[in-house]
Amino acid sequence: MADADTLNPDGTPKISKRAAEKEAKKAAAKAKKEASKSSAANTSAPPARPASNEPVDPFKQGWLKGVYNEKPVKEVQTRFPPEPNGYLHIGHAKAITVNFGFAKSYGGLCNLRYDDTNPAKEEEQFFVSIREMVEWLGFAPSRITYSSDDFDRLYELAEELVRRGKAYVCHCSAEEVKRRRGGPEHGPRSVCKDWSRTAEENLADFRAMRDGKYRAGEAHLRMKQYLGTKAEEYEVTEEDSAEVKKEKAKLKSLAENPALWDVAAYRVKNENYHHRTGDKWRIYPTYEFTHCLCDSFEGVSHSLCTVEFETLRPAYNWLLEALDHKLPSSDEKGPMQREYGRLNVEGTILSKRRIAMLVGGTTVGDSGAAADDVADGVDAIKLEEEGDEDTETPAEAIKAVTNGSSAGRKIPPVVRGWDDPRLFTLVALRRRGVPPGALKKFVLDLGVTKANSNTAIHTLDACIRTYLERTVPRLMLVLDPIKVTFTNLPDDYLEERDVPFDPKDKEKGTHKIPFTKVIYIDRDDFREADDPDFFRLSPGQSVGLMNAEHPISCKTFHKDPSTGKIDAIEAEYGAHVLPGKARIHWVGESAAHKSPVKAEVRIFNPLFKTARPNELDWKSGGYFDDVNPESEILYPNAMVERGFEEIRKNAPWPKEEGEKGGSSHPSCVRFQGLRTAFFALDTDSVVEEGKVVLNRIVSLKEDSGKR
């Protein structure tokens, strides 16, 4: 009988690891032999194309494929519907890519729709920037539409909703609305006296709102959804059939969803001038009323939005069904809403309100809330952006900060503007030099599913770095130059070195750079004292030069007496110099070659000391105390080799996505600074006048440090 130690739990004999490996090899050899026989028997058949060579359409895979299969229509129609009250941020790159990419993959169309229903907060600069960013990412809207173009139609439908007894004019204050919805303690819910008025009374009052009888905050039209539903209406009893229980469970789900607690459909605006309709309207529809109806007007088949809107889907469907724009419990008619996970990059500020504080500065607690802001606070259930989770009204926030005092704390601006490269707005990422193709690749590499894509900044940087590595030319750039004079060379010494823009890609071409009696090297590449762990230039150690024939050795150096920094090195160059253990970059001095090109270089680091800036004190201004003083480091005297002029004239680098047909934006001038980082030309540059400003896009691959 076999010993228990030699048996598996199922009673079969145990096999030694070595014996198992032998059996596996035999099985593999047998399978290979059988495959060879099968191949020989089918020599007449053409070889199958390897699956790895076939392009994979990410929009026809996984979750997105499932969304299409739920509604496999012939004419797919999507839309990207931003509010024109701020600049788009990195999260919108995913929304743009998903909506436009999905439509394109299924042979459909995608509209760019401006959700312009809040006139006081909309500006022309935002409309222009939104369209530019969509096109920069490489997408062309099939139509550009405006919610405001449908104001007349929306108003007619609002009146129809009132006539059907599914909307009423409410005169409650914002505080009263919140209290009747359960308040912060999630207490019992109740309707107000206005809820039970007749359709005729509500219609007359709604028209009074339209005609200017009320000011902001005094009246608003609410949809009559499930706020008035009593708990006993969905309480299950023993006598209930399975079908009744199912219906009551559905009613309970709807009645307990805050998105269906009689949300606002229209509100009065004191600042009522609209950029497209002028002073025609005193009342404006809310997002909750406008969004789904405009989807229906435009024939949207698949309404794709981020996952936090999933709880709003019942409200979306409720209004469409209430106005016969959708069949009850069916996606056959009208738009079908589905939600994908949002893109969150850790350590970034994406809230428009908070970015505005960083851009313009702020005075915390210096005044009360504007009436229009209070009106917008009534019934507001639209989900806020990342970091904008505050639920109190502006008036409550101010009171909490100042304890009722009118005095405020003045906080200065932190960044230059909405396009400051330290931000993560799309205009800021473009200005920093991030290629649009890298952003799209980043989005698609993370995938599109129901789960949120929470990723770190270094993951984004790695994606950008990999993208740039294969698409941009290479130049030598010295951040903090030290002058090197070769004492063994004549004053007119000149070597014209023929250098490729990319040794791995001949298509990028070559250029000539001058090597002369005077060159400049980076301060980091020299030490005044020898160090066995330092492999670059020092008094007792020679070093090689990239793109030069011979190494160099230091003979002596000089310091600026006022700063104590080394400002000049005397050295020798030639075959007699011992080869060094490393090679460094340099820039030659030659007036005839207009070398070097002088530049200011900006190196960007995280804007805040903490990795979680959204958790800082944004109400009383405490965020300012955490600003990183080294978020931007300037090198005002940097030098670039003369090849810079050639790559500037041949930009964009690369010619892809929205820059495929060319671009006048300075940031499309991109290159890799050898041994340094990837750089792009900044908008502050005036190259014709000799002003070159470069932004670091990302660093090179992290390593243990240059030696």
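Our subject is the structure listed above.
Computed from a predicted structure; not experimentally measured.

Caption draft 1: Representation of the overall build of the protein in the model. When helices and strands are tallied, the protein shows 17 helices and 29 strands. Residue burial in the protein is summarised as follows: out of 707 residues, 49% are buried. Counting only contacts in the protein whose residues sit at least 6 apart along the sequence, the fraction spanning at least 24 positions is 75%. For the protein, the accessible area works out to roughly 34400 Å², and carbon and sulfur atoms hold 50% of it.

Caption draft 2: Structural detail: the side chain of K71. Note on placement: K71 falls in the loop between α2 (62-70) and β1 (77-80). Put simply, K71 is tucked away with no salt bridge, and the nearest opposite charge, on D331, sits 6.1 Å away. For K71, the side chain forms a polar contact with the main-chain oxygen of D331, separated by 2.9 Å.

Caption draft 3: Fine view of the packing of helix α5 (residues 151-163) against helix α9 (residues 287-297). Between α5 and α9, the least distance of the axes is 11 Å, while the angle of their chain directions is 115 degrees. The angle between the axes of α5 and α9 places the two elements in the roughly perpendicular class. Like other packed secondary-structure pairs, α5 and α9 cross with a definite hand, here right-handed. Every residue of α9 that contacts α5 at R153, L154, L157, A158 and L161 is listed here: F289, T290, L293 and F297. A class-by-class count of the residues in the contact of α5 with α9 yields 7 nonpolar, 1 polar and 1 charged.

Caption draft 4: Fine view of the pairing of strand β29 (residues 693-699). Within β29, 6 of the 7 residues are buried, which leaves it mostly tucked inside the rest of the structure. In this structure, strand β25 (residues 597-604) lies alongside β29, joined through 3 bridges in parallel fashion. If you follow R602 over to β29, its bridge partner there is N695. Pairing of strand β28 (residues 677-681) with β29 involves 5 bridges; the strand directions are antiparallel. Among the inter-strand pairings, F678 is bridged to a residue of β29, identified as V698.

Caption draft 5: Quick peek at the sheet that holds strand β26 (residues 632-640). Strand order in the open sheet made by the 7 strands is β14-β27-β28-β29-β25-β26-β15, with mixed pairing throughout. The sheet terminates laterally at β14 (474-475) and β15 (477-478), the two strands that pair on one side only. The pairing of β14 with strand β27 (residues 670-673) spans 2 bridges and is classified as parallel. Within β27, the position partnered with L475 by the bridge is G673. On the sheet, helix α16 (residues 457-469) packs against β14, β27, β28 and β29 and is oriented at approximately 110 degrees with respect to β29.

Caption draft 6: Structural context of the packing of aromatic side chains. Taken as a whole and assessed by the stated rule, the structure comprises 27 aromatic pairs. Seen from their ring centres, Y87 and W418 are 5.3 Å apart, and the 40 degrees between their planes marks the pair as tilted. Taken as a pair, Y87 in the loop between β1 and α3 (90-105) and W418 in the loop between β12 (409-411) and α14 (426-432) lie far apart in primary sequence, 331 residues in all. For the pair shown, Y87 and W418 are each scored as buried. Plain terms: the ring middles of F151 and Y284 are 5.6 Å apart, the flat faces sit at 70 degrees to each other, and that makes the pair edge-to-face.

Caption draft 7: Representation of helix α11 (residues 352-360) within the structure. Of the residues making up α11, those classed as buried are K352, R354, I355, M357, L358 and V359. For α11, the elements touching its buried residues are β11 (362-364). Directly beyond the C-terminal end of α11, a positive phi value near 75 degrees is found at G361.

Caption draft 8: Structural view of helix α15 (residues 436-446). Listing the buried residues of α15 in full gives P436, G437, A438, L439, K440, F442 and V443. Note on α15: the residue one or two positions beyond its end, G447, has a positive phi of about 90 degrees.

Caption draft 9: Inspection of the sheet that holds strand β4 (residues 167-170) at higher detail. Strand order in the open sheet made by the 4 strands is β4-β5-β6-β7, with antiparallel pairing throughout. Looking at the sheet topology across the chains shown, the edges are occupied by β4 and β7 (283-285). Here the strands of the sheet are splayed against their neighbours by 20 degrees on average, with no regard to which way each runs. Judged from the 3 bridges that link them, strand β5 (residues 220-223) and strand β6 (residues 264-268) form a sheet pairing that is antiparallel. In the strand pairing of β6, L221 is matched with Y266. Along the sheet, helix α7 (residues 199-210) contacts β4, β5, β6 and β7; its crossing angle with β4, the most-contacted strand, is approximately 55 degrees.

Caption draft 10: Region of the structure containing the pattern of salt bridges. Under the defined criterion, the tally for this structure stands at 53 salt bridges. Across the pair E159 and R163 runs a salt bridge whose closest N-O atoms are separated by 3.4 Å. Here R163 and E159 lie together in helix α5, a separation of 4 residues that amounts to about one turn. In this structure R163 comes out as partly exposed when scored by relative accessible area, which is 42%. A salt bridge links D331 to R338; the shortest N-O distance between them is 3.1 Å. Accessibility expressed as a relative area gives 23% for D331, which makes it partly exposed. The network of salt bridges with common partners includes E159, E160, R163, R164, R207 and D324.

Cut-offs and rules
Residues numbered from 1 in each chain as written. Predicted model: local features only at pLDDT ≥ 70, side-chain atom pairs only at ≥ 80, totals over all residues. Heavy atoms only, no water. Helix = DSSP H or I, 4+ residues; strand = E, 2+ residues; numbered from the N terminus. Buried < 20%, exposed > 50% of the residue type's maximum accessible area, 1.4 Å probe, protein only. Contact = heavy atoms within 4.5 Å. Areas by Shrake-Rupley, 256 points an atom, 1.4 Å probe, with all protein chains shown as cover. Lys, Arg positive; Asp, Glu negative; His and termini not counted. Salt bridge = Lys/Arg side-chain N within 4 Å of Asp/Glu carboxyl O. Polar contact = N/O pair within 3.5 Å; in protein donor to acceptor, adjacent residues only side chain to side chain. Axes fitted to C-alpha atoms, helices over the stretch in contact; angles between N-to-C directions. Parallel < 35°, antiparallel > 145°, perpendicular 65-115°, else oblique. Left-handed = near helix turned anticlockwise from the far one by under 90°. Nonpolar A, V, L, I, M, F, W, Y, C, P; charged D, E, K, R; others polar. Pairing = 2+ DSSP bridges. Phe/Tyr/Trp six-rings, centres within 6.5 Å; stacked < 30°, edge-to-face > 60°.

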